[in-house]
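Observations on chain architecture
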Amino acid sequence: MNNNKLYTFSHIITYLTVIHGSIYGIYKYFLKVETEYGLRPHALQGIWQGAHIFLSPLLIFIFGMLFKDHIIKMYTSAKRKRKSGIGLVALMVVMILSGYLIQIVYAQEPKVLIAYIHIAISVFFSFIYLVHHILKK
């Protein structure tokens, strides 16, 4: 895959992940349904969670593709190291680890803490990515 197609694919995947992750978060935390048995998850929450779990690995995949062809290359050869790019790599690592920990930790208190870390890092990642993408050069 040439670099232009790789960059286009990475932007599409990243923005789709940000969008569906945001929608999932809205359904999970803000659109609960009141029933006679108390608050319940919205009926569409499971669909958005499934989409997030299904599509987020594409972001990890594209990160791996960019690592050799863009990240390492730019870090070693660019005269000006972009702080947004370096920050994105660090945020991506924490975002990936926290996303996986959410899936495997069963104790409620640590899982909630990990989820909040994942959300905070993801929001920060989204803004930094937008800056990195808009200010290309």
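Above this text you will find the structure in question.
Residues numbered from 1 in each chain as written. Predicted model: local features only at pLDDT ≥ 70, side-chain atom pairs only at ≥ 80, totals over all residues. Heavy atoms only, no water.

What follows concerns the packing of aromatic side chains. Tallied over the full model, the rule gives 3 aromatic pairs. A ring pair is formed by Tyr15 and Tyr129, whose centres lie 5.4 Å apart and whose planes are at 75°; its orientation type is edge-to-face. A residue pair is termed long-range when its members are at least 10 positions apart, and Tyr15 in helix H1 (residues 3–30) and Tyr129 in helix H4 (residues 108–134) qualify at 114 residues. Overall, the relative accessible area of 26% leaves Tyr15 in the partly exposed class. In this structure Tyr129 comes out as buried when scored by relative accessible area, which is 9%. Connected via pairs of aromatic rings, a cluster forms that spans Tyr15, Phe125 and Tyr129. (Phe/Tyr/Trp six-rings, centres within 6.5 Å; stacked < 30°, edge-to-face > 60°. Helix = DSSP H or I, 4+ residues; strand = E, 2+ residues; numbered from the N terminus. Buried < 20%, exposed > 50% of the residue type's maximum accessible area, 1.4 Å probe, protein only.)

Between the first and last C-alpha of helix H3 (residues 83–104) there are 32 Å, a value that for 22 residues agrees with the 32 Å anticipated at 1.5 Å per step. When H3 is considered as a whole, its buried residues turn out to be Ser84, Gly85, Leu88, Val89, Leu91, Met92, Met95, Ile96, Ser98 and Ile102. Those residues of H3 that are buried lie in contact with helix H2 (45–77) and H4. (Expected span 1.5 Å × (residues − 1). Contact = heavy atoms within 4.5 Å.)

One can describe the packing of H2 onto H3 by two numbers: an axis separation of 11 Å at closest approach and a directional angle of 150°. The pairing of H2 with H3 is recorded here as roughly antiparallel in orientation. Helix-helix and strand crossings are classified by hand; for H2 and H3 the assignment is left-handed. Between H2, through Ile53, Leu59, Ile60, Phe63, Phe67, Ile71 and Tyr75, and H3, the contact on the second element is made entirely by Ile86, Val89, Met92, Met95, Ile96, Tyr100 and Gln103. Residues that form the contact of H2 with H3 fall into these classes: 13 nonpolar, 1 polar and no charged. (Axes fitted to C-alpha atoms, helices over the stretch in contact; angles between N-to-C directions. Parallel < 35°, antiparallel > 145°, perpendicular 65-115°, else oblique. Left-handed = near helix turned anticlockwise from the far one by under 90°. Nonpolar A, V, L, I, M, F, W, Y, C, P; charged D, E, K, R; others polar.)

In this section: a nonpolar patch on the surface. On the surface, Ile26, Tyr29, Phe30, Leu31, Val112, Tyr116, Ile119, Val123 and Phe127 cluster together into a nonpolar patch covering about 870 Å² of accessible area. The set of elements that each furnish at least two residues to the nonpolar patch consists of H1 and H4. The dominant element in the nonpolar patch, judged by the number of residues it contributes, is H4, at 5 residues. Taking relative accessible area as the criterion, Val123 reaches 43% and is therefore assigned partly exposed. (Patch = residues over 30% accessible without salt bridge, like charges linked within 9 Å, V, L, I, M, F, W, Y side chains within 5 Å. Areas by Shrake-Rupley, 256 points an atom, 1.4 Å probe, with all protein chains shown as cover. Salt bridge = Lys/Arg side-chain N within 4 Å of Asp/Glu carboxyl O.)

This paragraph deals with the nonpolar core. The biggest cluster of nonpolar side chains holds 16 residues, and the ones touching the most others in it are Leu59, Ile62, Phe63, Ile71, Met92, Met95 and Phe125. Secondary structure elements with two or more residues in this core: H1, H2, H3 and H4. For this core, the element with the most residues is H3, which contributes 6 residues. Once you skip the residues sitting within four places of it in the chain, Ile62 turns out to touch Leu6, Phe9, Ser10 and Ile13. (Core = buried A, V, L, I, M, F, W, Y, C linked by side-chain atoms within 4.5 Å.)

A packed helix pair is summarised by two numbers, namely the angle formed by the two axes and the spacing between the axes. Close contact between H1 and H4 brings their axes to 11 Å; oriented N to C, the two are set at 145°. Where H1 crosses over H4, the handedness of that crossing is left-handed. Of the residues in H4, those touching H1 at Ser10, His11, Thr14, Tyr15, Val18 and Tyr29 are Ala115, Ile119, Phe125, Ser126, Tyr129, Leu130 and His133. Considered class by class, the residues forming the contact of H1 with H4 number 8 nonpolar, 5 polar and no charged.

Fair warning: the whole summary comes from geometry, so function is off the table for now.
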